[in-house]
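Residue strings, one per chain:
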Amino acid sequence: MAPLQDKPKSVFQSIDWITILIYAALLAFGWMSICGACYEYGQPRDLLSLASFGTRTGMQLVWIGSSIILGAIILLLDDRIFDTFAYFIYGAFILLLFITPFLAHDIKGSLSWIKIGPFSFQSAEFAKFATALALAKFMSPYGFRLQGSWKNMSIALGLMMLPMVLIVMQKETGSALVYFSLFLMLYREGMSGFILFAGISAAASSS
């Protein structure tokens, strides 16, 4: 008699709900912080005025809602899609980073914001997940190792450093520094501690 197979988990059963709750709490605290930062004495404090699309708080609610919908769509997609198109997504956002200075509006010296109608976005923010996706694809084969392989190390660092350089060219150093967190992941996979120290030192001197 054939052994009984485990019933596959549904999407909702496989979700890390603790992480979702932490994310929701960060969204709530972030939105309340924006409410406090944008509030001017004498303005109405009712929820209807805070949710108005003509205010920063209202636009932030639009982005929060959009992120939740996008996250739900990603959870419902087959994860093999991301594995198949990881390099394509990375290349598309590298191209977007390259052309961003030619399309962006100068905001306090930064050329990182692209405006489409009433909406504005930073290509650097989308490039972060594209870089993480490409690195995960590159390092996912069985038996992959960084230690002792300069070829693998060079490619991994190149995937990480290319978007950093393009973001610095947009004069958006703060967003570029976020990429240094990927050094911790490379160190875990066998990168030399000297390279990790050099990366942390560069981030500290740039901040």
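Note on numbering: residues in each chain are counted from 1, in written sequence order. The model is predicted, so local features are restricted to residues of pLDDT at least 70 and side-chain atom pairs to those at 80 or more, both for listing and for counting; the totals for chains, interfaces and linings are taken over all residues. Computation of side-chain values: all heavy atoms of the structure, hydrogens and water removed.

A.B. asks: Quick one: what's the story with the overall build of the protein, residue by residue and with numbers?
C.D. replies: Numbering of helices and strands starts at the N terminus; helices are DSSP runs of H or I of at least 4 residues and strands are runs of E of at least 2. Secondary structure summary: the protein contains nine helices and three strands in total. Only protein chains enter the calculation, and the probe is 1.4 Å; a residue is then buried if its accessible area is under 20% of its type maximum, exposed if over 50%, and partly exposed in between. Considering the protein as a whole, with its 207 residues, one finds that 28% of them fall into the buried category. Partitioning the intrachain contacts of the protein with sequence separation of at least 6 by distance along the chain shows that 58% fall at a separation of at least 24. When the accessible surface of the protein is totalled, it reaches about 14500 Å², and 70% of it is carbon and sulfur. Note on definitions: a residue-residue contact is assigned when non-hydrogen atoms from the two residues lie within 4.5 Å. Here the accessible surface of atoms and residues is derived via Shrake-Rupley with a 1.4 Å probe, and residues count as covered only by protein chains that are part of the display.

A.B. asks: Give a description of the sheet that holds strand β1 (residues 105–107) that names residues and reports values.
C.D. replies: Two modes of strand pairing occur in sheets, parallel and antiparallel, and in both the strands are linked by backbone hydrogen bonds. Here we have three strands laid out as an open sheet, ordered β1-β2-β3, and antiparallel in their pairing. Each edge of the open sheet carries a strand with a single partner, namely β1 and β3 (119–122). Each strand of the sheet is rotated relative to its neighbour by a mean of 45 degrees, with strand direction disregarded. Any two strands are treated as partners once DSSP identifies two or more bridges connecting them. Sheet topology places β1 next to strand β2 (residues 110–116); two bridges connect them, and they run antiparallel. Counted as the bridge partner of I107 is S110 from β2. Against the sheet, helix α5 (residues 123–139) touches β2 and β3, its axis set at about 45 degrees to β3. In this description, a line fitted to the C-alpha atoms serves as the axis of each element, helices being fitted only across the stretch in contact, and the angle between N-to-C directions of two axes falls anywhere from 0 to 180 degrees.

A.B. asks: Break down the pattern of salt bridges for me, with residues and values.
C.D. replies: Between Lys or Arg on one side and Asp or Glu on the other, a salt bridge is scored when a side-chain nitrogen of the former is within 4 Å of a carboxyl oxygen of the latter. Applying the stated criterion to the full structure yields two salt bridges. Among the salt bridges present, the one from D83 reaches K137, with a minimum N-O distance of 3.4 Å. In this pair, D83 is assigned in helix α4 (residues 80–103) and K137 in helix α5, connecting sequence segments 54 residues apart.

A.B. asks: Talk me through the packing of α4 against helix α6 (residues 150–169); I want residue IDs and the actual numbers.
C.D. replies: In a packed pair of helices, the relevant descriptors are the angle between the two axes and the axis-to-axis distance. Following both chains from N to C, one finds α4 and α6 inclined at 25 degrees, their axes separated by 9 Å at the closest point. Judged by the angle between their axes, α4 and α6 are roughly parallel. Two packed elements cross with a definite hand, and for α4 against α6 that hand is left-handed. From α4, Y90, I94, L97 and F98 reach across to α6, where they touch G158, L159, L162, P163, L166 and I167. Note on residue categories: nonpolar means Ala, Val, Leu, Ile, Met, Phe, Trp, Tyr, Cys or Pro, charged means Asp, Glu, Lys or Arg, and polar means any other residue, Gly included. Among the residues forming the contact of α4 with α6, the class breakdown is nine nonpolar, one polar and no charged. An angle below 35 degrees is treated as roughly parallel, one above 145 as roughly antiparallel, one from 65 to 115 as roughly perpendicular, and anything else as oblique. Working rule for handedness: look at the near helix, and if it is turned counterclockwise from the far one by less than a right angle, call the crossing left-handed; if clockwise, right-handed.

A.B. asks: How would you sum up the side chain of T131? Please name residues and give values.
C.D. replies: Relative to the helices and strands, T131 resides in helix α5. A relative accessible area of 0% means that T131 is categorised as buried. Setting aside residues no more than four positions away along its own chain, T131 makes contact with Y90, L159, M160, P163, Y179 and L182.

A.B. asks: So, a nonpolar patch on the surface: which residues are in play, and what are the values?
C.D. replies: Nonpolar side chains collect at one region of the surface, where I69, I73, L77, I81, F85 and F88 lie side by side and expose about 590 Å² of accessible area between them. Where the nonpolar patch is concerned, the elements lending two or more residues are α3 (56–76) and α4. When residues of the nonpolar patch are assigned to their parent elements, the largest contribution, three residues, is made by α4. Along the chain, the position of F88 falls in helix α4. Like-charged residues within 9 Å of one another, or nonpolar side chains (Val, Leu, Ile, Met, Phe, Trp, Tyr) within 5 Å, are grouped into patches, provided each residue has over 30% relative accessible area and no salt bridge.

A.B. asks: Explain the packing of aromatic side chains residue by residue, including any values.
C.D. replies: Each aromatic ring pair is specified by the distance between its two centres and by the angle formed by the two planes. Classification of ring pairs uses Phe, Tyr and Trp, with its six-membered ring standing for Trp, and accepts pairs whose centres are within 6.5 Å; under 30 degrees between planes counts as stacked, over 60 as edge-to-face, and the remaining range as tilted. Enumeration over the complete set of coordinates arrives at three aromatic pairs. Ring centres of F93 and F129 lie 5.7 Å apart, and the angle between their planes is 70 degrees; this geometry places the pair in the edge-to-face category. Here F129 lies in helix α5 and F93 lies in helix α4, a separation of 36 residues in the sequence. You can call F129 partly exposed: its relative accessible area is 42%. With centroids separated by 6.3 Å and ring planes inclined at 55 degrees, the aromatic side chains of F98 and F102 adopt a geometry described as tilted. Here the residue F98 and the residue F102 both occupy positions in helix α4, the gap between them amounting to four residues, near one helical turn.

A.B. asks: Go over the nonpolar core, please, and point to the residues and values.
C.D. replies: For the purposes of this section, nonpolar cores are sets of buried Ala, Val, Leu, Ile, Met, Phe, Trp, Tyr and Cys residues that join through side-chain atoms within 4.5 Å. L97, L146 and L186 are the most contacted members of the largest nonpolar core, which has 33 residues in total. For this core, the elements supplying multiple residues, two or more each, are α4, α5, α6 and α8 (182–188). Apart from residues no more than four positions distant in its own chain, L97 is found in contact with S123, A124, A127, P163, L166, I167 and Q170.

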